[in-house]
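Read off the chains here:
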Amino acid sequence: MGIHDQSYRRYAGPRTEPGAAWSVIAWSGIRALLSRRLFLLVLLFAWSQFVVRAVVFYLSANFPSMELIAPSAQTFRDFFDQQDFFVFVVTVYAGAGLIANDRRANALQIYLAKPLTRAEYVAGKAGVLVVFLLLVTWAPAMLLLVLQTMFAGSLAFVRENVFLVPAMTVFALLEVLAATFAMLALSSLSTSARFAGMLYAGAILFTTAIFQTVRGVTGSSAASWISFSANLAQVGDVVFGIAPRHDTPWGISLLIVVGLIGVSLVVLRWRVRGVEVVT
Amino acid sequence: MTDPVVAVEGLSKWYGQVIGLNDVTASIPPGITGLLGPNGAGKSTLMKVVTGQLQPSQGRVAVLGAPIWGNPSAYAAIGYCPDQDAFYERMTGLEWVAALTRLHGFDDDAAAAAARKALETVDLAEAADKKIGAYSKGMRQRVKLAQAIAHDPRLLVLDEPLAGLDPLGRRRTINLIKAWARAGKSIIVSSHILHEIELMTRSILLIDHGRILAEGNVHQIRDLIDEHPHKVRIRTPVPRVLARRLLDLPDVIGLSFEEDRIVVDTGRPDDFYSALTTLAAEGEIAVDEVTSPDDSLQAVFSYLVKS
Amino acid sequence: MLSFGRAAVRVFDLSLGEMLWSRRTVFMAVVAGGPMVIAVALRIAATSAAVRLTGSPGPSFALGGPDIFGLMIWAFYLRFTVPVLGVFYGTSLIADEVEDGTLTYLFSRPIPRGAILVGKYLAYLVCTSVVVLPSVVVVYFSVVPLFGGSVGAGFPSLVVDLGLIGVGLAVYGAAFAFVGARLRRPLLSGLLFIFGWEPVVVLVPGYMKNLSVAYYLQGLVPHAAPQDEPMTLLRSALQTFDAAPAAWVCLLALAVIWAVTLGAAVLTVERREYVLER
């Protein structure tokens, strides 16, 4: 009769390759958010514009008298503009606590004690926000384009506006990455999700209010570089091939958006640490 | 019989679908009462209900004879030291304790004097003017105690007051609690560490999974556990000889050896002690020491939680 | 046991210092500093005559100092600063204490719970007024003298503006104190109210606009809105309204909103059970 070893045995099964740990964090964050009914409601509302536009697309494709409301490239640009509000709401709702809550619970050091680099941690957290923000920007926009083709029964619109697919992708990525990293950076600065949300909302709204005030006083939109939202809108116009709406050169707006992402990454590099060394 | 300081009847508390307290009925007498149970047992919930922080989902709670929920006038006689490590970090210990004492109706000078006295009592006089944010874990625990005692309450409710303290701090705090009890205060103190409670009081309330498992004196509780054999440890130079004699006794239901000791399991401890005394008095077998490991709170608690 | 009023004053004493030196005050200082920077920049620009404030396109025009001040009061202070501070501070009155776990220390004192909210609300009012109102005064003295404006002539309007901002802080603060006492996610709800609900409902014909604070605040703005094109554009961008009710109606409505929401907040805190997060 053989005697079996009952002592502790190390796990000998397959392991995920190093570098993929971020996906575990991302998936757990996504699942956690999807389990909240209020968040699902926000996502549902975020798709309301999609529904309205889909109906309009259907009517314009099937009723000749409705040609006046037929979609154009501008329609898709407007769609992104009007989704900005939901980008803001989802960013604050889903993003404010991503790092702040871990810092509050002292979970950061537990995460970073695992075979997980800081970059993977940040990538995992960013993944959560990126997924949901793309879900309210890029995904409905692309689906609208598909619906337009299906309702029209022709690829003519897509052929005429073939730049729309890369334009929507590039702009959505730029918008999503800027919002994601700015929110994560602010979240890493605090142990309170609420305070991080306030900082983000304050930064967005304050810069816009200052811009609007200066614009009202000077009658010129040359100071649009002050506003985070105005810079994105400016770059968006260029990406969609339409005339920029503000007087600031679009290159400066792009520089500011990219600079914001860069600064956010620096803040994250500085703040996401397992142990804080106090000197 | 003296009136209980806290009387709880049919008390249940739910957090959504999670039950915190389940049909709890208990009567806490004056003096020190230890609230004992593992983490998540419902100790803090019970304390929060008793101090009026939480509303009972069902049942009645009277503290010092008055209903507590929504009755802030009753809070004047209560000092509560919560378990959470939360403070106004930018205030000094003195400012904080004095400000909270002012909310009891003390004027500025009286509140400052009471705060200073309370801080002296918990050995924080020297750090009174330092910001709480700069306090060590032990100091934070003590300043929490200070705010609970500054207004000289009749009842102190202390939730895990020894958590995070070093051994010296624990000893000091235990002595303080005993001193407050001697000064006539009633104290409810919680812990999940058994020997800490044992050092403060023999009067306990055992709680687990939101239910009261037992209440009263440790010995009384032990006597109630009929289905569990009582262990008696006997040191003797002749353990095997003694063991043979003990096996003849009807009260002995089990026996084991431990070096120079034997451990006897008995279902009726009083009868067994009587028989053992008779045996020792005969002088044939030397009995050097008789102890009962079951007097330890740990044993009582283990039995009750397992049952 | 302390009376409601005395208890509120003592909570106010306890809270004011905490609130003034909180992280949020840094944000508030930046918010209050923004228009001051604009005012100083305008002053420098006007003095050096390097920039001419003109509208475009169309015939050239220049806003006078009082017009610029009026614009800043409405566009920056009343439509941005006041509601944002109301949301950020008002929703935090109780939520901060819950989140930090310090509410227990206040709730275990022999004082009415509602007095805790009122005391903290008073601290909010003083704290925000102390930071925002001086900023308005600085902007006034920097901007009004520009392009021929008279500081003396516009002074009564400054006093009204200061009062208006005070009223705005009081009403928004009370409304969001209620939101903060009642809801689990007060910040998002507050932001949705001021930047989602209010701008939309004031454009909807009928009585919908009566369900906003901004509608009544606008009715109290004393500055005559310039009719030139840039101002019209700005008014349109800011979603202001053309038919404002009479001043007394606005004041009465704001008083009712203030009393109802603050009363509801007090009742909520008195009755609601707060389960601390840690």
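Bear in mind that the values here come from a model prediction, so they are computed numbers and not experimental data.

A. The overall build of chain A, seen in detail. Scanning chain A for helices and strands turns up 13 helices and zero strands. Each of the three principal axes of chain A carries a C-alpha extent, and together these read 85 × 55 × 30 Å. Taken over 279 residues, chain A has a buried fraction of 48%. In chain A, the share of contacts with a sequence separation of at least 24, taken over all contacts with a separation of at least 6, comes to 76%. As displayed, chain A offers around 14,000 Å² of accessible surface, 68% of which is attributable to carbon and sulfur atoms. Counting 20 positive and 13 negative side-chain charges, chain A places the averaged centre of each group 13 Å from the other.

B. Looking closely at the pattern of salt bridges. Going through the model one piece at a time under the given rule, you end up with 31 salt bridges over all chains. A salt bridge links Asp96 of chain C to Arg194 of chain A; the shortest N-O distance between them is 2.4 Å. Of this pair, Asp96 of chain C sits in helix 4 (residues 92–100) while Arg194 of chain A is found in helix 11 (residues 193–218), placing the two residues in two different chains. Note on accessibility: Asp96 of chain C and Arg194 of chain A belong to one class, buried.

C. Spotlight on the interface of chain C and chain B. Contact with chain C, which involves 32 residues of that partner, is made by 32 residues of chain B. Across the interface of chain C and chain B, roughly 2,800 Å² is buried in total on both sides, 56% from carbon and sulfur atoms. By the criterion of area lost to chain B, the three top residues of chain C are Arg10, Tyr105 and Arg109 of chain C, representing 26% of everything that side buries. Between the two partners, chain C and chain B, sit three salt bridges. Put simply, Glu273 of chain C and Lys13 of chain B hold a salt bridge, and the shortest N to O gap is 2.5 Å. Of all the elements in the fold, those that place two or more residues in the side of chain C that touches chain B are helix 1 (4–20), helix 4 and helix 5 (103–107) of chain C.

D. Looking closely at the sheet that holds strand 12 (residues 252–258) of chain B. Residues and elements named next belong to chain B. Pairing within the open sheet is antiparallel, and its four strands lie in the order 12-13-11-14. Each end of this open sheet is capped by a strand with a single partner; those strands are strand 12 and strand 14 (289–291). Between one strand axis and the next, the sheet turns through 20 degrees on average, direction left out of account. Here strand 11 (residues 230–235) pairs with strand 14 via three bridges, running antiparallel. In the sheet register, Arg233 faces strand 14, and the bridge partner there is Thr291. Across the sheet, helix 8 (residues 239–247) is in contact with strand 11, strand 12 and strand 13 (261–266); its angle to strand 12 comes to roughly 175 degrees.

E. Here's a closer look at the sheet that holds strand 3 (residues 32–36) of chain B. Residue and element names in this part refer to chain B. The sheet built from six strands is open, its strands ordered 6-7-8-3-9-10 with mixed pairing. In this open sheet, the two strands that pair with only one neighbour each are strand 6 (78–81) and strand 10 (211–217). Adjacent strand axes in the sheet meet at a mean angle of 15 degrees, parallel and antiparallel pairs treated alike. Sheet analysis places strand 9 (residues 203–208) next to strand 10, joined by six bridges and oriented antiparallel. Paired with Ser203 across the bridge in strand 10 is Asn217. Across the sheet, helix 1 (residues 43–50) is in contact with strand 3, strand 6, strand 7 (155–158), strand 8 (186–191) and strand 9; its angle to strand 8 comes to roughly 150 degrees. This element, helix 4 (residues 137–149), spans strand 6 and strand 7 of the sheet and lies at about 165 degrees to strand 6.

F. Highlighting unusual backbone geometry. Positioned with a positive phi, Asp152 of chain B is a non-glycine residue whose angle comes to about 55 degrees. Owing to a relative accessible area of 55%, Asp152 of chain B belongs among the exposed residues under this scheme.

G. Looking closely at the confidence of the model for chain A. A residue-level look at chain A finds 98% of positions with pLDDT of 70 or above and a mean pLDDT of 91. Averaged pLDDT values over the elements of chain A bottom out at 88 in helix 6 (residues 108–112) of chain A and peak at 97 in helix 10 (residues 164–188) of chain A.

H. View of the environment of Pro140 of chain A. Residue and element names in this part refer to chain A. Mapped onto the elements, Pro140 comes out in helix 8 (residues 138–152). Expressed as a C-alpha distance, the spacing of Pro140 and Ala223, which sit 83 residues apart in the sequence, is 32 Å. Those residues within four positions of Pro140 in sequence are excluded, and the remaining contacts are Trp47, Phe50, Phe79, Leu134 and Leu135.

I. Main features of the arrangement of the chains. Out of two pairs of chains that touch, the pair holding the most contacts is chains B and C. For chain A and chain B, which are not in contact, the least C-alpha distance works out to 13 Å.

J. Structural detail: the pairing of strand 2 (residues 18–28) of chain B. All names here are of chain B. By the bridge criterion, seven bridges tie strand 1 (residues 6–15) to strand 2 in an arrangement that is antiparallel. Among the inter-strand pairings, Leu11 is bridged to a residue of strand 2, identified as Val24. Two successive antiparallel strands, strand 1 and strand 2, enclose a turn made up of two residues, where Gly16 displays a positive phi of approximately 65 degrees.

K. View of the packing of helix 5 (residues 97–104) of chain A against helix 7 (residues 118–136) of chain A. Residues and elements named next belong to chain A. At a minimum axis distance of 10 Å, the contact between helix 5 and helix 7 shows a crossing angle of 130 degrees. The angle between helix 5 and helix 7 places the two elements in the oblique class. Residue-level contacts link Leu98, Ile99 and Asp102 of helix 5 to Tyr121, Lys125, Val128 and Leu129 of helix 7. For the contact of helix 5 with helix 7, the per-class residue count stands at five nonpolar, no polar and two charged.

Here is what the cut-offs are and how they apply
- Residues numbered from 1 in each chain as written.
- Chains lettered and ligands numbered in written order.
- Predicted model: local features only at pLDDT ≥ 70, side-chain atom pairs only at ≥ 80, totals over all residues.
- Heavy atoms only, no water.
- Helix = DSSP H or I, 4+ residues; strand = E, 2+ residues; numbered from the N terminus.
- Buried < 20%, exposed > 50% of the residue type's maximum accessible area, 1.4 Å probe, protein only.
- Contact = heavy atoms within 4.5 Å.
- Areas by Shrake-Rupley, 256 points an atom, 1.4 Å probe, with all protein chains shown as cover.
- Lys, Arg positive; Asp, Glu negative; His and termini not counted.
- Charge placed at Lys NZ, Arg CZ, Asp CG, Glu CD.
- Salt bridge = Lys/Arg side-chain N within 4 Å of Asp/Glu carboxyl O.
- Buried area = accessible area lost by both parts, 1.4 Å probe.
- Pairing = 2+ DSSP bridges.
- Axes fitted to C-alpha atoms, helices over the stretch in contact; angles between N-to-C directions.
- pLDDT = per-residue confidence, 0-100.
- Parallel < 35°, antiparallel > 145°, perpendicular 65-115°, else oblique.
- Nonpolar A, V, L, I, M, F, W, Y, C, P; charged D, E, K, R; others polar.

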